[in-house]
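Given next are the chains, with one letter for each unit.
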Amino acid sequence: MGNITIFLILLAVNCCFWASAAIPIINSSTDESALLAFKAKITKDPNNILQKNWTEGTPFCNWIGITCSHRHQRVKVLDLSSKGLKGTIAKEVGNLSFLISVDISNNNFQGNIPDELSHLRRLRGLYMQLNELSGQIPESFGFLNRIQELFLYNNSLSGPIPPAIFNISSFQVIDLMYNFLRGSLPMDICNNLPNLQSFNVSHNRLGGQIPESFSRCSEIKFLDLSFNEFMGSIPGKLGNLSNLEQLYLSGNNLTGELPSTIFNISSLTILEAAYNTISGSLPHDICKKTPRLEILYIFANQLGGQIPSSISGCRSLKQLSLAFNNISGVIPAEMGNMSALQILHLISNNLTGELPFNFFNISSLTTIVLGYNRFTGNLPEDLCFRHPNLEFLEIESNQIFGNIPSSISLCSALSTIALTTNYLTGGIPPQIGNITGLQNLYLSENNLTGSIPAEIGNITGLQNLVLANNNLTGGIPAEIGNIVGLQFLNLHDNYLTGEGPFRFFNFSSLMTLNLASNGLSGSIPHDLCFRHPKLETLNLENNQFHGQIPSGISHCSAMDTLDLSGNKFTGNLPDNIGNMSMLRNLVVGRNYFTGIIPPSIGNMSRLLILMLSSNNFFGRIPPELGKLPILEGVFIEANQFTGEIPPELGQSSSIGRLYMKSNKIAGKILPFIFNISTLRELGLSGNQLSGFGES
């Protein structure tokens with residue numbers, strides 16, 4: 001028996017020797033080889049960090065981005081974040097068996113994430129965010145049983161999230177936002193994640209229902225499922241997350257009522273559930289158990305009911321948006337006690353009653369948006385005394401009346417005033433010119449009278465000035481020419497007179513100039529497009545402008561709409577008008593134009609509407625009209641056009657309205673005109689046509 005025992009011992013030792021000889025020796029030379037393999041996959045190194053520093057013959061523990069363990073001199077940390085590197089990730093990185101952290105974030109890495117990274121069993125943190133990685137998250141990541149943080153956001157990863165990663169109990173942070181991930185989350189997602197503190201999968205394509213088991217992630221503080229395709233109701237058990245601070249559910253297909261249990265989370269600071277189809281009403285005790293709530297966004301849903309007075313209990317609330325719902329009733333007076341409130345968005349509801357300024361005394365307010373409701377009342381003189389930090393005031397489409405108080409100039413931080421579509425009267429206070437930081441002034445569709453104050457020219461940073469549909473009189477102040485950054489000027493439908501503003505306007509940024517339906521006169525300058533190279537819309541309709549269209553108008557290369565109708569213009573359409581390749585609407589009806597339609601009009605591939613009616617144009621209808629790909633409306637009635645209807649019109653695949661009435665068009669109406677499948681309106685009366693012919 002003794003000999004047999006000795007034999008077995010020798011055999012075991014021999015087997016162990018050969019077995020160990022078959023296992024590759026993993027040591028520091030393996031680390032160096034792996035790093036050089038990583039370097040070999042880099043195709044762009046703008047700072048030559050790897051090219052100059054990662055060289056054989058120098059200790060790799062001294063290379064940039066490398067940290068080694070003191071005891072074993074093995075690579076412990078690989079950190080090459082924000083180095084501008086481009087390339088793919090070498091699979092040999094999986095041989096760096098002592099790695100506890102890999103950070104290659106904010107570079108331009110492409111391709112797939114290698115499966116071999118799952119060999120890094122000591123790994124605590126993997127940071128690959130802000131790259132161009134594609135493919136799927138490796139299923140083998142489920143073997144990283146010590147990992148605590150996984151950051152893969154802002155890549156192009158697709159496919160499902162591997163269910164195996166939700167079994168790694170060490171996880172604290174998972175951030176996969178801004179990818180193209182699909183599928184659903186496992187219904188038992190939190191059964192094995194006792195340490196999870198942050199979970200972010202926003203801006204993907206995940207669907208299915210929100211798992212109730214999130215309630216078992218008892219340590220979670222941050223949960224972001226926004227902008228996916230989740231459906232169904234919000235689980236009421238989320239209210240059990242006693243440590244939750246931020247909850248983001250916006251931009252999904254969620255239905256049902258907003259669970260009142262969520263408002264039992266005393267640690268909650270942010271709740272966003274906008275852009276869903278959530279119904280019901282706000283809980284009557286909404287803020288009694290959420291004293292730390294700072295941001296509440298539930299806009300763009302189907303909430304009804306009223307704003308509960310208990311909302312004033314959210315004394316820390318800074319931002320509140322209930323916009324685009326069906327909330328009715330009045331704004332509770334108790335809201336005036338919300339001393340931390342900065343942003344109030346209640347636009348597009350069914351709110352009534354007087355404007356809340358009489359009981360609002362919140363000095364912290366910077367943004368008030370109450371538009372598209374049914375508020376009454378007026379703007380108080382002490383508006384800016386109560387709200388000295390106001391930056392954005394929007395009360396459009398309500399029923400407010402009275403004057404714009406001159407004291408509004410004391411709101412020196414205002415960037416936007418939007419009071420469109422109300423019943424405001426009186427004049428525009430000249431003191432408004434003291435708000436030198438104002439960028440947007442919208443006062444259209446009111447009953448304002450008087451002249452446009454010259455002091456508006458002091459607001460040199462103004463970008464949008466909209467005073468349309470009022471009863472303003474006088475001329476356009478030359479001082480407006482001082483607003484060098486003006487982009488949008490709309491003064492249509494007033495009683496403005498005098499010469500047009502072209503001679504003192506020199507706005508290189510101007511995109512829209514709408515002076516329609518006034519009593520303005522003057523002519524279009526030849527250097528219009530040199531002064532306004534970005535001009536997209538020029539609308540002078542229904543004024544007293546005269547003269548010719550300058551040939552230089554063809555240099556308005558961004559022009560989308562040219563409307564000169566209802567004036568006293570004369571002369572021809574410029575021969576080079578066809579160079580305006582971006583023009584979609586050419587409207588010059590009711591003038592004294594003459595001449596032919598220039599053949600160059602056939603170059604206007606984006607032309608949608610051609611309106612030349614009630615002028616003195618003559619000659620033949622250009623056949624090029626039938627070849628314009630999206631031309632929908634042709635209005636050339638009440639002119640002197642002759643010849644026959646060009647058969648090329650029958651080739652059109654877009655014309656829906658064709659009006660040629662009251663001209664001198666002759667010949668027969670050939671069947672091709674009825675081959676235009678899109679045609680729905682046709683006017684040919686008042687010509688010299690002689691019945692129907694054969695094709």
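Under an unreviewed UniProt entry, the chain has the name Leucine-rich repeat-containing N-terminal plant-type domain-containing protein and belongs to Cinchona calisaya.

Draft legend 1. Representation of the sheet that holds strand β18 (residues 253–255) within the structure. Across the sheet, which stays open at both edges, the 3 strands sit in the order β14-β16-β18 with parallel pairing between neighbours. Of all the strands in the sheet, the pair left with one neighbour each is β14 (207–209) and β18. Between one strand axis and the next, the sheet turns by 15 degrees as a mean value, whatever way the strands run. Across 3 bridges, the pairing between β14 and strand β16 (residues 229–233) is parallel. Counted as the bridge partner of Gln209 is Met231 from β16.

Draft legend 2. Up close: a nonpolar patch on the surface. Nonpolar side chains collect at one region of the surface, where Phe674, Leu682 and Phe692 lie side by side and expose about 330 Å² of accessible area between them. Here Phe674 is to be found in the loop between β48 (666–669) and β49 (681–683).

Draft legend 3. Expanded view of the nonpolar core. Formed by 193 residues in total, the largest nonpolar core has its most connected members in Leu185, Phe199, Phe214, Leu225 and Ile417. Every element with two or more residues in this core is listed here: α2 (28–40), α3 (49–53), β2 (66–68), β3 (75–79), α4 (383–386) and α5 (528–531). Counting residues per element, this core draws most heavily on α2, at 3 residues. In this structure, Leu225 is in contact with Leu185, Phe199, Val201, Ser202, Ile210, Phe214, Phe230, Tyr248, Leu249 and Asn252, ignoring residues within four places of it in sequence. Formed by 10 residues, the second largest nonpolar core is a distinct cluster that contains Tyr248, Phe299, Ala300 and Val369.

Draft legend 4. Summary view of the sheet that holds strand β8 (residues 132–133). Read from one edge to the other, the open sheet built from 4 strands follows the order β1-β4-β6-β8, with strand pairing classed as mixed. Edge strands, defined here as strands with exactly one partner in the open sheet, are β1 (42–44) and β8. Pairing of strand β4 (residues 86–88) with strand β6 (residues 108–111) involves 3 bridges; the strand directions are parallel. Bridged to Thr88 within β6 is Gln110.

Draft legend 5. View of the UniProt feature "domain: Leucine-rich repeat-containing N-terminal plant-type" (unreviewed entry) in the chain. Feature annotation in UniProt assigns "domain: Leucine-rich repeat-containing N-terminal plant-type" (unreviewed entry) to the following positions: residues 29–69. Secondary structure across residues 29–69 comprises 41% helix and 15% strand; the distance between its end C-alpha atoms is 15 Å.

Draft legend 6. Expanded view of unusual backbone geometry. Despite not being glycine, Ser82 has its phi angle at roughly 55 degrees, a positive value. For Ser82, the position within the fold is in the loop between β3 and β4. Residue classification places Ser82 among the partly exposed positions, given a relative accessible area of 45%. Positioned with a positive phi, His203 is a non-glycine residue whose angle comes to about 55 degrees. As for its placement among the helices and strands, His203 is situated in the loop between β13 (198–200) and β14.

Draft legend 7. Spotlight on the packing of aromatic side chains. Throughout the structure, instances matching the rule amount to 20 aromatic pairs. The interplanar angle of 50 degrees and the centroid separation of 6.4 Å between the aromatic rings of Phe227 and Tyr275 together place this pair among those described as tilted. Within this pair, whereas Phe227 is found in the loop between β15 (222–224) and β16, its partner Tyr275 is found in the loop between β19 (270–272) and β20 (295–297), the two being separated by 48 residues in sequence. Among the aromatic residues, those joined into a ring-pair cluster are Phe38, Trp54, Phe60, Trp63 and Phe109. Cation over ring: Arg122 sits above Phe98, and NZ or CZ is 4.0 Å from the ring centre.

Draft legend 8. View of the confidence of the model for the chain. Put simply, the chain has an average pLDDT of 93, and 96% of its residues get 70 or more. When the criterion is pLDDT under 50, residues 1–26 qualifies, and its contacts beyond four places in sequence or with other chains add up to 4 contacts.

Draft legend 9. Expanded view of the environment of Leu564. With respect to the helices and strands, the residue Leu564 is situated in the loop between β39 (561–563) and β40 (568–571). Since its relative accessible area comes to 0%, Leu564 is described here as buried. Separated by 250 residues in the primary sequence, Leu564 and Cys314 have C-alpha atoms spaced 55 Å apart. The residues contacting Leu564, other than those within four sequence positions of it, are Ile524, Leu540, Ile549, Phe569, Val587, Val588 and Asn591.

Draft legend 10. Structural detail: the side chain of Ser213. Within the fold, Ser213 resides in the loop between β14 and β15. Of note is the side chain of Ser213, whose polar atom sits 3.0 Å from the backbone nitrogen of Ile189. Setting aside residues no more than four positions away along its own chain, Ser213 makes contact with Pro186, Met187, Asp188, Ile189, Cys190 and Asn191.

Draft legend 11. View of the pairing of β40. On β40, burial follows the alternation: Phe569 and Gly571 on one face are buried, whereas Lys568 and Thr570 on the facing-out side are not. Note: strand β38 (residues 544–547) against β40, 2 bridges, orientation parallel. Note on β40: the bridge partner recorded for Gly547 is Phe569. Bridge count between β40 and strand β42 (residues 592–595): 2 bridges; the pairing is parallel.

Draft legend 12. View of the state of the cysteines. A complete count under the given rule lists 5 disulfides for this structure. Bridging Cys384 to Cys411, the disulfide has an S-S length of 1.9 Å. Looking along the S-S bond of the Cys384-Cys411 disulfide, the torsion reads about -110 degrees, which is the left-handed sense. Of this pair, Cys384 sits in helix α4 while Cys411 is found in the loop between β27 (401–402) and β28 (416–418), placing the two residues 27 residues apart along the sequence. Residue classification places Cys384 among the buried residues on the basis of a relative accessible area of 4%. Once the bonded cysteines of the chain are numbered in order along the sequence, the disulfide links fall as 1-2, 3-4, 5-6, 7-8, 9-10.

Analysis parameters
- Residues numbered from 1 in each chain as written.
- Predicted model: local features only at pLDDT ≥ 70, side-chain atom pairs only at ≥ 80, totals over all residues.
- Heavy atoms only, no water.
- Pairing = 2+ DSSP bridges.
- Helix = DSSP H or I, 4+ residues; strand = E, 2+ residues; numbered from the N terminus.
- Axes fitted to C-alpha atoms, helices over the stretch in contact; angles between N-to-C directions.
- Patch = residues over 30% accessible without salt bridge, like charges linked within 9 Å, V, L, I, M, F, W, Y side chains within 5 Å.
- Areas by Shrake-Rupley, 256 points an atom, 1.4 Å probe, with all protein chains shown as cover.
- Salt bridge = Lys/Arg side-chain N within 4 Å of Asp/Glu carboxyl O.
- Core = buried A, V, L, I, M, F, W, Y, C linked by side-chain atoms within 4.5 Å.
- Buried < 20%, exposed > 50% of the residue type's maximum accessible area, 1.4 Å probe, protein only.
- Contact = heavy atoms within 4.5 Å.
- UniProt positions renumbered as here; feature names shortened; annotations may be inferred.
- Phe/Tyr/Trp six-rings, centres within 6.5 Å; stacked < 30°, edge-to-face > 60°.
- Lys NZ or Arg CZ within 6 Å of the ring centre and 35° of its normal.
- pLDDT = per-residue confidence, 0-100.
- Polar contact = N/O pair within 3.5 Å; in protein donor to acceptor, adjacent residues only side chain to side chain.
- Disulfide = S-S within 2.5 Å.

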